[in-house]
Amino acid sequence: MKKRIAIFASGSGSNAQKIMEYFKKHDDAEVAIVLTNNPEAYVLQRADNFEIPSHIFDKHEFTKTNDIVQLLKNLQIDLIVLAGFLWLIPQNLLKAFPNKIINIHPALLPKFGGKGMYGDKVHQSVLDAKEEESGITVHFVNENFDDGEVIHQSRFRIEQGDDLEMIKFKGQQLEHLHYPKVVEGLLKKMKS
Ligand code: GAR
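As annotated in an unreviewed UniProt entry, the chain is Phosphoribosylglycinamide formyltransferase from Daejeonella lutea. Looking at the chain in UniProt, the text filed under Pathway (unreviewed entry) is "Purine metabolism; IMP biosynthesis via de novo pathway; N(2)-formyl-N(1)-(5-phospho-D-ribosyl)glycinamide from N(1)-(5-phospho-D-ribosyl)glycinamide (10-formyl THF route): step 1/1."

See below:
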């Protein structure tokens, strides 16, 4: 049986898109569902385009019930992939999927991570700190924001004159290139 991926995203979902593309015709793995807390998220349209089912939930369902865990268990999910997902993962979900939840962050953790560090805010902080490089981090998820064991990092140089848009673009290029492959590598390591 193919390994099964669940993607959580809160916004545009460009990383989700790359992962759905990568696994569309993959022999060993598939995206089984996309979940979001945001009914307006463009990622829902993207999931539809791939004919991948989606589920919208609210804070109560996510934090006060076991429904999401049950849904993911019923779907026999092997790996949960956060791709621009904004909420902290609750204990019941962490416990049900130990070392099976990963996140991508648009900076070189442990720098420029933590609560509220999302999207443009991260890149602006990198610029303000006059860093010479930035990059991306894929890490296991724990009960804190941007804090679990690092699985993958790639980096790029910040050239003189690079503005927020350029840093964001360079980061996104790396994310789109690496995230699907990191997911594939982790799934390969899992026993069937
Ligand atoms: C990505 O750059 C991801 O690294 C970031 O949100 C963006 C989502 O873009 N995540 C965080 O900042 C997590 N702290 P996307 O919706 O186009 O994939």
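Having seen it, we continue.
Within the fold, D146 resides in the loop between β6 (133–140) and β7 (150–157). Polar contacts involving the side chain of D146 include one to the side chain of H105, which spans 3.4 Å. Setting aside its immediate chain neighbours within four residues, D146 contacts N103, H105, L109, G113, G114, M117 and H139.

Another point: unusual backbone geometry. With an omega of 10°, the peptide bond running from L109 to P110 counts as cis. Of note, P110 is situated in the loop between β5 (101–105) and α6 (120–128). Residues other than glycine seldom take positive phi values, yet F112 does so here, at roughly 60°. For F112, the position within the fold is in the loop between β5 and α6.

Another point: the UniProt feature "domain: Formyl transferase N-terminal" (unreviewed entry) in the chain. In the numbering used here, UniProt assigns the feature "domain: Formyl transferase N-terminal" (unreviewed entry) to residues 3–183. What you have in residues 3–183 is 37% helix and 23% strand, and the ends, taken at the C-alpha atoms, are 11 Å apart.

So, on to the layout of surface pockets. Looking at the largest pocket, its volume works out to about 660 Å³. Along its surface, the largest pocket is lined by 35 residues, and G84, F85, P106, Y118 and G119 are the ones closest to its centre. At the level of elements, α1 (14–24), β5, α6 and α7 (164–189) are the ones that each hand at least two residues to the lining of the largest pocket. Here the residues of the lining of the largest pocket sort into 14 nonpolar, 17 polar and four charged.

A few words now on the site of the ligand. Inspection of the region around the ligand gives 13 residues, with G13, S14, N15, H105 and E175 positioned closest. P106 places a polar main-chain atom, nitrogen or oxygen, 3.5 Å from an oxygen atom of the ligand. In this structure, a nitrogen atom belonging to the ligand sits 3.1 Å away from a main-chain N or O atom of M117. Against a free-state accessible area of 450 Å², the protein chains account for coverage of 91% of the ligand. Under a 2 Å grid-point criterion requiring more than half of the atoms, the pocket assigned to the ligand is the largest pocket. Mapped by element, the contributors of at least two residues to the shell around the ligand are α1 and β5.

Turning next to the UniProt feature "active site" (unreviewed entry) in the chain. As annotated in UniProt, the feature "active site" (unreviewed entry) corresponds to H105 in the numbering used here. The residue H105 is located in strand β5 in this model. Not counting residues up to four positions away in its chain, the partners in contact with H105 are F112, G113, M117, V122, G135, I136, T137, D146 and E175. A polar atom in the side chain of H105 sits 2.7 Å from the backbone oxygen of F112.

Parameters and conventions
- Residues numbered from 1 in each chain as written.
- Predicted model: local features only at pLDDT ≥ 70, side-chain atom pairs only at ≥ 80, totals over all residues.
- Heavy atoms only, no water.
- UniProt positions renumbered as here; feature names shortened; annotations may be inferred.
- Helix = DSSP H or I, 4+ residues; strand = E, 2+ residues; numbered from the N terminus.
- Polar contact = N/O pair within 3.5 Å; in protein donor to acceptor, adjacent residues only side chain to side chain.
- Contact = heavy atoms within 4.5 Å.
- 1 Å grid on protein atoms, 1.4 Å probe; cavity = no way out; pocket = protein on both sides within 12 Å on 5 of 7 lines; lining within 4 Å.
- Points joined across faces, edges and corners; volume = space filled by probe spheres on them.
- Nonpolar A, V, L, I, M, F, W, Y, C, P; charged D, E, K, R; others polar.
- Near = heavy atom within 4 Å.
- Areas by Shrake-Rupley, 256 points an atom, 1.4 Å probe, with all protein chains shown as cover.
- Sits in = over half its atoms within 2 Å of the grid points.

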